[in-house]
Amino acid sequence: MTFDVAGEAARAVRDRSSAWRFIEGFAAAWAEPIGPLDGWSRAELAATEDQLCVRLPESLKEALSLFGKRPDLTSNQDRLLTPSELRLDQDVLIFRDENQWVAAWGTPLGDDDPAVVIKLDLINKSEERWDPWLPRFSLACVEMVLSEALFRDGAETADRETSEADISLLEDHFTLLPMQSPGTRWFVRDDVIVREDDGQWLWARARTPEALESLVKELPGDWTTEY
């Protein structure tokens, strides 16, 4: 099955229904199709609202009810929380934790598709603050699914330190995706996605062994192919 990652990503930035279509299409082409039992029920989400005494953002409820039970899409490295694990930090609802508990992602309450913020776990707690991450929760879900695809067990993945030649090669021969969280850029071409972190590290995922082989030839370097 083919899936136009760049084209669908361009549509995903427009509204949350397009973001869900991206995730469904990406899952079908790069993992397994999303099924009717892959999400939490609305009754379970309503119970969480009662427990926390808040109204969950509609986009969060849509995401959890669509693919909230698919850890292969959401939790290969960092972790999307289950409804019972959602927690509040004053007026921010925390929905995702970094794998070593050094950061958490949250979203302010009130809007249907609110912005997403991130907070680092610092030794000096007085210095901790919520910083901007992405402008919409649904867009952050697209970025999350792409990020977790880089760490899927048994998948065609590779990573290495960035070289001086990489940036121009990526910019000249790959398509830049319109969903750049702080310090991160996404590139895609054919059956390969590449994440560049702070100009220092490259993470790659290919849909086929042939696509990964082509990537490591085009961007030569000391790639690690076993995560």
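Conventions adopted
Per chain, the residues get numbers from 1 upward, laid out in the order the sequence is written. Only residues with pLDDT of at least 70 are given local features in this predicted model, and only at 80 or more are side-chain atom pairs given and counted; all residues enter the totals for whole chains, interfaces and linings. The side-chain values count all of the structure's non-hydrogen atoms but skip hydrogen atoms and water molecules. Orientation is described by lines fitted to C-alpha atoms, with helices fitted over the stretch in contact, and by angles between N-to-C directions that extend from 0 to 180 degrees. Note on conventions: DSSP H or I runs of at least 4 residues are helices, E runs of at least 2 residues are strands, and numbering of each starts at the N terminus. Should an angle lie under 35 degrees it is considered roughly parallel, over 145 roughly antiparallel, and from 65 to 115 roughly perpendicular; all remaining angles are considered oblique. Crossings are assigned a handedness: left-handed for a near helix turned anticlockwise from the far helix by less than a right angle, right-handed for a clockwise turn. For this analysis, residues touch if any pair of their heavy atoms sits within 4.5 Å. Ten residues, namely Ala, Val, Leu, Ile, Met, Phe, Trp, Tyr, Cys and Pro, are considered nonpolar, four, namely Asp, Glu, Lys and Arg, are considered charged, and the remaining ones, Gly among them, are considered polar. As used in this record, nonpolar core signifies buried Ala, Val, Leu, Ile, Met, Phe, Trp, Tyr and Cys residues forming a set joined through side-chain atoms within 4.5 Å. Exposed residues in this analysis have more than 50% of their type's maximum accessible area, buried residues have under 20%, and partly exposed residues fall in between, with area computed by a 1.4 Å probe over protein chains only. Pairing of aromatic side chains requires ring centres within 6.5 Å, counting the rings of Phe and Tyr and the six-membered ring of Trp. Pairs whose planes differ by under 30 degrees are stacked, by over 60 edge-to-face, and all others tilted. We call a charge positioned above a ring when the Lys NZ or Arg CZ atom is no farther than 6 Å from the ring centre and deviates by at most 35 degrees from the ring normal.

## A few points about the packing of helix H3 (residues 42–52) against helix H4 (residues 58–67)
Interaxial distance between H3 and H4 falls to 10 Å at its minimum, and their mutual angle equals 135°. By the angle between their directions, the pair H3 and H4 is classed as oblique. Considering only the axes of H3 and H4, their crossing is right-handed. Counted together, Arg-42, Leu-45 and Glu-49 of H3 and Glu-58, Lys-61, Glu-62, Leu-64 and Ser-65 of H4 form the full contact between these two elements. Per-class residue counts for the contact of H3 with H4 are two nonpolar, one polar and five charged.

## Brief notes about the nonpolar core
One finds Phe-22, Phe-26 and Phe-67 to be the most contacted residues of the largest nonpolar core, which totals 53 residues. It is helix H6 (residues 137–149) that contributes the most residues to this core, nine residues altogether. Beyond its immediate stretch of four places on either side in the chain, Phe-67 contacts Trp-20, Ile-23, Ile-34, Asp-38, Gly-39, Leu-73, Thr-74, Cys-141 and Met-144. Judged by nonpolar contacts, the second largest core, of 14 residues, contains Ala-158, Phe-187, Ala-204 and Ala-211.

## Some words on the packing of aromatic side chains
Taken as a whole and judged by the stated rule, the model has nine aromatic pairs. Pairing Phe-3 with Phe-26 gives two aromatic rings, centres 6.4 Å apart and planes at 70°, and the pair type is edge-to-face. Of this pair, Phe-3 sits in the segment before helix H1 (5–12) while Phe-26 is found in helix H2 (residues 16–30), placing the two residues 23 residues apart along the sequence. Residue Phe-26 is classed as buried on the basis of its relative accessible area, which comes to 3%. Through a chain of ring-to-ring contacts, the aromatic side chains of Phe-3, Phe-22, Phe-26 and Trp-30 assemble into a single cluster. Directly above the ring of Trp-40 sits Lys-69, whose terminal nitrogen or CZ lies 4.6 Å from the centroid. Directly above the ring of Phe-174 sits Arg-189, whose terminal nitrogen or CZ lies 4.9 Å from the centroid.

Distances and angles like these do not, on their own, reveal function.
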